[in-house]
Amino acid sequence: MAPIRPSLLLLLLLLLLLLLSSLAPASARFLLAPAPSAGAAAGAEAGSDAALLVFIGRSDVAPEDYRDGLVRAVQSEMLSRGLAAWALVAQGDLQKGLPEAVERAIDEHGNITQLHLLAHSMADGGVQAQELALKAAAQPGYLPLPVSSLSLVAGFLTRTQRPDVAACLEKKKLKPHPTFRYPLGYLEDGVHNCYGPNTVSFPTPTLTIGGSLDGVVRVTRIAEAHYTQAVLSPSDATRFPVVVVPGLNHASLLFPANSSSEPPSAVLDTDLRAEISRQDALRTAAGAVSDFILVTTGGARPSETDLFEKMVPNTSEQLSPVNEAFVEMEGNWFFTGYDDENGTSGWAARAQEMMADPLPSKWDWNLRNEFHLLTDEEKIPPYYRHRHRPNVTVSSKPGYLDGITVAQLRFIELKPAQTKFGLDGYEIIKEEKVNILDTVVDDGSAQVSAIEIATKLASRELSFNRTGAKSSPSLDDGNRCAAMNAAAYDWARSAVQKADLARFEAHGVPMRMIDDKKTIIPAGPWWIYTYLGYDDNSKTGTMDITSIYAFYPLDSNPYGAGNHYCKLLSPARAMEWILIDGQEQSTGYAPEPKDWYNATNPNLWAKDGIDLCEQCQCAFEQMTADEHSVKSSILECEGAVHYWPLNVMISLRCKVHSYASL
């Protein structure tokens, strides 16, 4: 056999590389014709104007699965509303060939007059879709048509789409600089302040859809989007609507409803069990996207759509307790626009009353709280700030005490030695908002609430002293910080929706408060940099919460006398635990229809746990489920879904569902 010449070998290698590149997932794209639909509305006839839907999903999910599931569902819903839509399913690097693919699709189908973006998840899809919309707006002609809308399913507009957040991140460039007076480096006080209105500015109308049981893109991050886009900017209600679909998890939108594919490990590791079927999930999400597209292009008024008439108001009601926890109780930076030196926590203010409770009779409180970095000493670089301390004084209003507390929200953990025991200002400022924004990942996976509300409180002894009553250090005995944390947990339990609490009590891990703990060394830096304890206790089946405290009697060192510091559990963290982190993390699909049973046919009675009684009255027995499944079944009678136990229901047709488990 003759040897292969080097030039021929090189040519073969080049051809092989070209073949491999053409097969690579990064270039995977499908053009999907509009879905056939028997229920297509008038106006979607052949030859009428059509839309092009560019879809971007997770890179760890096959584009064919998205194509046959979510994308096809949106096409069907759009067609039923009178708008035919071609769909370009893209995956991978959108900079390579996507504009050409869009142009080719429009050239081949000349009736395409609208361009819309649709994305699923923040793992690739949601982020890339936002970048594409921004680029298309900044570079006219980059795409052959302007982008009319963006729909983020299990996604959201990132925090950098808020101008004050973007401006804050720019301030990170401002570094400490040495001076003759401050050779260790100096920063002018306030140069890193990041307090702002926290509203969104984005060139493309954007719909945000989240799931109440999405463990990958958590509902609390969707709630943040709702607060910044709907509450802080009510005038943008139709431009940036946010909806939460009850019972929806992340995995339910990855595949067609009848698929047996297993979600990727990144989803399996954190997702929660759905409480609506994949069929209902696809239909609901697709319906919301279709309504939004029609409204943004003038095809319908908001009042004519389920999206704005039902889903948006229902979401506002559903997220109301979440907003209260994060905004009023915690003062969360990401919801409110507060920062480390500007803002207030309602819970940290209320803590002063709980610390002194009960006061001598006929005394009451005026309370306030201020946010400050806890390490604020005049001789610590790079700010050399004056101290901020709690205090209790007699108010000018008779019978009242004025109480002020100082608090810092903590989103990362530093070690005492790392900060040189509170003396290294360069480490300390890592907890400023300007650095937290760049440290905490914004893809929906991270907890939005603070690890703790580290709060400097005045002691109960000082409060009694101010009233003129007898006071002693023994007034501060007991687990006063733990009692406040128990109150935060109780508040969250009472505030969440009843269905969320019932789910948590059935399948969640409860919190348990442990006795307050002193630091090894009773000094400020050790208290500041020893964080609220979260211990997963396998013996008791609880999440054990331990507060770190520091108490200084009035007759102790004047530097700290009259203080009683506590690491407080945020009511928002407790609520996030109830809604997400304390739930059993067991991805599963909610029920899909099995069979229809006709009540008029006695031969079909008592099948699969169904018992059809006279007068077409439906009832059924609870199905057997393994330890990974939700131990319940669902009966659907004439479109109404009821959970066991079921009251007698009259219907001509009934269908039974059972939970599939992964």
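**A few points about the overall build of the protein**
Secondary structure assignment for the protein yields 18 helices and 22 strands. Surface exposure of the protein reaches about 28600 Å², of which carbon and sulfur atoms provide 54%.

**Structural notes on the packing of helix 9 (residues 306-330) against helix 18 (residues 571-581)**
With their axes 8 Å apart at the nearest point, helix 9 and helix 18 run at an angle of 155° to one another. Here helix 18 runs roughly antiparallel to helix 9, going by the angle between their axes. Residues Pro321, Val322, Ala325, Phe326, Met329 and Glu330 of helix 9 form the contact with helix 18, whose participating residues are Pro571, Ala572, Arg573, Met575, Glu576 and Leu579. Residue classes in the contact of helix 9 with helix 18 are distributed as 9 nonpolar, no polar and 3 charged.

**Some points on the packing of aromatic side chains**
Inspection of the entire model under this criterion finds 13 aromatic pairs. Ring centres of tryptophan 333 and phenylalanine 411 lie 4.9 Å apart, and the angle between their planes is 50°; this geometry places the pair in the tilted category. Within this pair, whereas tryptophan 333 is found in helix 10 (residues 333-336), its partner phenylalanine 411 is found in the loop between strand 10 (400-410) and helix 12 (425-428), the two being separated by 78 residues in sequence. With respect to burial, tryptophan 333 and phenylalanine 411 carry one shared label: buried.

**What to know about the nonpolar core**
Of all hydrophobic cores here, the largest spans 123 residues; its most connected members are Leu307 and Met575. Residues in contact with methionine 575, not counting those within four places in the same chain, are Pro321, Val322, Ala325, Trp491, Ala492, Ala495 and Val496. Listed in part, the 32 residues of the second largest apolar core include Val54, Ala84, Ile112 and Leu143.

**Describing unusual backbone geometry**
Along the chain, aspartate 357 connects to proline 358 via a cis peptide bond; the corresponding omega equals -5°. Of note, proline 358 is situated in the loop between helix 11 (346-356) and strand 8 (364-371). The peptide bond linking proline 381 to proline 382 adopts the cis configuration, its omega dihedral lying at 0°. In this structure, proline 382 sits in the loop between strand 8 and strand 9 (391-394). If you check the backbone angles, aspartate 124 has positive phi at about 80° while not being a glycine. The class of aspartate 124 is partly exposed, set by a relative accessible area of 30%. The phi dihedral of asparagine 198 falls on the positive side, at around 70°, and the residue is not glycine. One can find asparagine 198 in the loop between helix 5 (163-170) and strand 6 (206-211). Among the residues examined, asparagine 198 registers a relative accessible area of 1% and is labelled buried.

**Concerning a negative patch on the surface**
On the surface, Glu100, Glu103, Asp107 and Glu108 cluster together into a negatively charged patch. Here glutamate 103 is to be found in helix 3 (residues 98-108).

**Comments concerning the pattern of salt bridges**
All told, the structure shown has 33 salt bridges when counted by the stated rule. Residue glutamate 427 is joined to lysine 430 by a salt bridge in which the shortest nitrogen-to-oxygen separation is 2.9 Å. Look at glutamate 427 and you get buried, because its relative accessible area is 17%. A network of salt bridges, in which partner residues are shared, links Arg159, Arg162, Arg221, Glu224 and Asp442.

**Let's talk about helix 9**
Spanning 25 residues, helix 9 covers 33 Å between terminal C-alpha atoms, matching the ideal 36 Å at 1.5 Å per step. Along helix 9, the helix axis deviates most sharply at leucine 319, where the bend reaches about 45°; the proline proline 321 sits within four residues downstream. Positive phi appears at glycine 331, one or two residues downstream of helix 9, with a value of about 75°.

**A word on the state of the cysteines**
One pass over the structure, following the stated rule, counts 2 disulfides. Disulfide pairing places cysteine 168 opposite cysteine 194 at an S-S distance of 1.9 Å. Sign of the S-S torsion, about 80° for the bond between cysteine 168 and cysteine 194, identifies this disulfide as right-handed. Taken together, the residues cysteine 168 in helix 5 and cysteine 194 in the loop between helix 5 and strand 6 connect sequence positions 26 residues apart. Through a disulfide, cysteine 481 is tied to cysteine 566; the S-S separation comes to 1.9 Å.

**Side note on the pairing of strand 2 (residues 50-56)**
Among the 7 residues in strand 2, 7 count as buried, and that is most of the element. Summarising the sheet, strand 2 and strand 3 (residues 84-90) pair through 7 bridges and their orientation is parallel. Bridging from a neighbouring strand, alanine 50 pairs with alanine 84 of strand 3. Read from strand 2 through helix 2 (residues 63-80) to strand 3, the crossover connection turns out right-handed. Looking at chain direction, strand 2 and strand 4 (residues 112-120) are connected through 7 bridges and run parallel.

**A word on the environment of methionine 329**
When you line up the elements, methionine 329 lands in helix 9. On the accessibility criterion, methionine 329 (5% relative accessible area) is buried.

**A word on the confidence of the model for the protein**
For the protein, mean pLDDT is 85; residues scoring 70 or higher make up 81% of the total. This model gives residues 18-27 a pLDDT under 50, and the stretch forms 7 contacts once residues within four places in sequence are excluded. Counting interchain partners and residues more than four positions distant, the pLDDT-below-50 stretch residues 38-43 has 10 contacts.

**A closer look at the environment of arginine 221**
With respect to the secondary-structure elements, arginine 221 resides in helix 6 (residues 219-231). Note on arginine 221: relative accessible area 1%, which makes it buried. Between the C-alpha atom of arginine 221 and that of glycine 155, which follows or precedes it by 66 residues, the distance is 9.1 Å. If near-sequence neighbours (up to four positions away) are discounted, arginine 221 is found in contact with Phe156, Leu157, Thr158, Arg159, Arg162, Asp442, Gly444 and Val448. A distance of 2.8 Å separates the side chain of arginine 221 from the side chain of aspartate 442, its partner in a polar contact.

**Overview of empty space enclosed by the protein**
Inspection of every chain in the model, using the stated rule, returns 4 cavities of 30 Å³ or more. If you add up the space inside the largest cavity, you get close to 110 Å³. Along its surface, the largest cavity is lined by 13 residues, and Val219, Gln318, Val322, Asp500 and Leu579 are the ones closest to its centre. Here the lining of the largest cavity takes 4 residues from helix 9, the largest share from any one element. Of the residues assigned to the lining of the largest cavity, the class counts are 8 nonpolar, 3 polar and 2 charged. Within this model, the second largest cavity holds a volume of roughly 90 Å³. If you trace the second largest cavity, you find 13 residues lining it, with Thr375, Ile380, Pro381, Tyr383 and Arg385 closest to the centre. Residues that form the lining of the second largest cavity fall into these classes: 8 nonpolar, 2 polar and 3 charged.

What counts and how
- Residues numbered from 1 in each chain as written.
- Predicted model: local features only at pLDDT ≥ 70, side-chain atom pairs only at ≥ 80, totals over all residues.
- Heavy atoms only, no water.
- Helix = DSSP H or I, 4+ residues; strand = E, 2+ residues; numbered from the N terminus.
- Areas by Shrake-Rupley, 256 points an atom, 1.4 Å probe, with all protein chains shown as cover.
- Axes fitted to C-alpha atoms, helices over the stretch in contact; angles between N-to-C directions.
- Parallel < 35°, antiparallel > 145°, perpendicular 65-115°, else oblique.
- Contact = heavy atoms within 4.5 Å.
- Nonpolar A, V, L, I, M, F, W, Y, C, P; charged D, E, K, R; others polar.
- Phe/Tyr/Trp six-rings, centres within 6.5 Å; stacked < 30°, edge-to-face > 60°.
- Buried < 20%, exposed > 50% of the residue type's maximum accessible area, 1.4 Å probe, protein only.
- Core = buried A, V, L, I, M, F, W, Y, C linked by side-chain atoms within 4.5 Å.
- Patch = residues over 30% accessible without salt bridge, like charges linked within 9 Å, V, L, I, M, F, W, Y side chains within 5 Å.
- Salt bridge = Lys/Arg side-chain N within 4 Å of Asp/Glu carboxyl O.
- Lys, Arg positive; Asp, Glu negative; His and termini not counted.
- Charge placed at Lys NZ, Arg CZ, Asp CG, Glu CD.
- Expected span 1.5 Å × (residues − 1).
- Bend = angle between axes of the 7 residues up to and from the residue.
- Disulfide = S-S within 2.5 Å.
- Pairing = 2+ DSSP bridges.
- Right-handed = clockwise from strand over helix to strand, strands pointing away.
- pLDDT = per-residue confidence, 0-100.
- Polar contact = N/O pair within 3.5 Å; in protein donor to acceptor, adjacent residues only side chain to side chain.
- 1 Å grid on protein atoms, 1.4 Å probe; cavity = no way out; pocket = protein on both sides within 12 Å on 5 of 7 lines; lining within 4 Å.
- Points joined across faces, edges and corners; volume = space filled by probe spheres on them.

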